[in-house]
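# Observations on the model geometry
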Amino acid sequence: MIADQVKEIKQQFHLYMDGVASSSMREKGVEYKINWGLKISDLKTIASKYEKQRELAVELWKSNSRECKILAVMLMPAEEFTPDFADLWIEQTSTTEIAQYLAFYLVQHTADAADLAFKWIASDNPIYQECGYNTLSGLFTQGKQPSVRDMQELIDQALATRSHASINCLNKLASLSEEHEQIVDTALSRL
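These numbers come from a predicted model, not from an experiment.

What follows is about the packing of aromatic side chains. One pass over the structure, following the stated rule, counts five aromatic pairs. Centroid distance F81 to F85: 6.2 Å. Interplanar angle 20°. Geometry classified as stacked. For the residue pair F81 and F85, the accessibility class agrees, reading buried in each case. Considering the side-chain rings of Y101 and Y105, the 5.9 Å spacing of their centres and the 40° angle between planes classify their relative orientation as tilted. Of this pair, Y101 and Y105 both sit in helix α7 (residues 96–105), four residues apart, roughly one helical turn. Residue Y101 is classed as buried on the basis of its relative accessible area of 17%. For Y105, a relative accessible area of 24% gives the class partly exposed. In this structure an aromatic cluster arises from ring pairing among W61, F81, F85 and W89. Above the face of the W61 ring, K69 is positioned so that its terminal group lies 4.1 Å from the ring centre.

Turning next to unusual backbone geometry. Backbone geometry at R162 places phi at a positive 55°, although glycine is not the residue there. Relative to the helices and strands, R162 is located in the loop between α10 (148–161) and α11 (164–174).

This next bit is on helix α4 (residues 54–62). Within α4, burial applies to L56, A57, L60 and W61. All buried residues of α4 lie within an arc of 135° about the axis, which places them on one face of the element. Of the surrounding secondary structure, the elements contacted by the buried residues of α4 are α1 (2–16), α5 (66–75), α6 (83–91) and α7.

A few words now on the pattern of salt bridges. When the charged atoms of two side chains lie near each other, side chains of opposite charge can form a pair. Enumeration according to the criterion identifies eight salt bridges in this entry. The salt bridge involving E59 is made with K62; its shortest N-O contact spans 3.1 Å. In this pair, E59 and K62 are both assigned in helix α4, three residues apart and thus about one turn of the helix distant. Classification of K62 as exposed rests on a relative accessible area of 59%. Across the pair E97 and R66 runs a salt bridge, and its minimum N-O distance is 2.9 Å. Pair noted here: E97 is in helix α7 and R66 is in helix α5, with a separation of 31 residues, a long-range link. On the basis of relative accessible area, R66 is assigned to the buried category, the value being 3%.

Parameters and conventions
Note that residues are indexed from 1 along each chain, following the sequence as it is written. Reporting in this predicted model follows two pLDDT cut-offs: at least 70 for local features of residues, and 80 or more for side-chain atom pairs to be given and counted; totals over whole chains, interfaces and linings ignore these cut-offs and use all residues. With hydrogens and water set aside, each side-chain value is computed from the structure's full complement of heavy atoms. Ring pairs shown here join Phe, Tyr and Trp side chains whose ring centres sit within 6.5 Å, with only the six-membered ring taken for Trp; geometry is labelled stacked below 30 degrees between planes, edge-to-face above 60, and tilted in between. Between buried and exposed lies partly exposed: a residue is buried under 20% and exposed over 50% of the maximum accessible area for its type, with that area taken using a 1.4 Å probe on protein chains only. Elements are defined by DSSP. Helices are runs of H or I of four residues or more, strands are runs of E of two residues or more, and each kind is numbered from the N terminus. Charge-over-ring contacts are defined here by two conditions on Lys NZ or Arg CZ: a distance within 6 Å of the ring centre and an angle within 35 degrees of the ring normal. Taken from the helix axis, the directions to the C-beta atoms give the arc we talk about. Contacts were defined at the residue level, with two residues in contact if any of their heavy atoms lie within 4.5 Å. By convention in these notes, a salt bridge is any Lys or Arg side-chain nitrogen within 4 Å of a carboxyl oxygen on Asp or Glu.

Dropping the structure here:
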């Protein structure tokens, strides 16, 4: 049963709990209802014990704990993560950390990744933008090529946003080819 798996997962958090990391996050203003301070490597170890399944991921996502949300994105099957799910989860994402993991472990692997990313980078919500830029960075790392129109939209949005994630995304775009590098260099020279 899903409830039993969630209970079992939460019990494993005690084995890896890091109070120092949890306190450090709180001191830096990163607030979660519950934060066990687990490292990503520990969460990957826990995730490796379970098959990806939507029901388990959804139940984990409902828990307002950092570790449950990260495990949810690791355990959600990408092919079942529809745009409706994506919109709901991004709406319920309150930290850039979760937005980053959502992008890297899940959204970039979906069929609608580019469409979602471009919608989110056009948002005025910094969390949405973070997830959008990180999704595009992941796609570029996979070697995916944007259309000319998409590339221009990305450059325009990134220059307007000027966040760490947007500049990193432009750097990933530039790494695709010499032509992309020249286009990005020209755009950045306008700053």
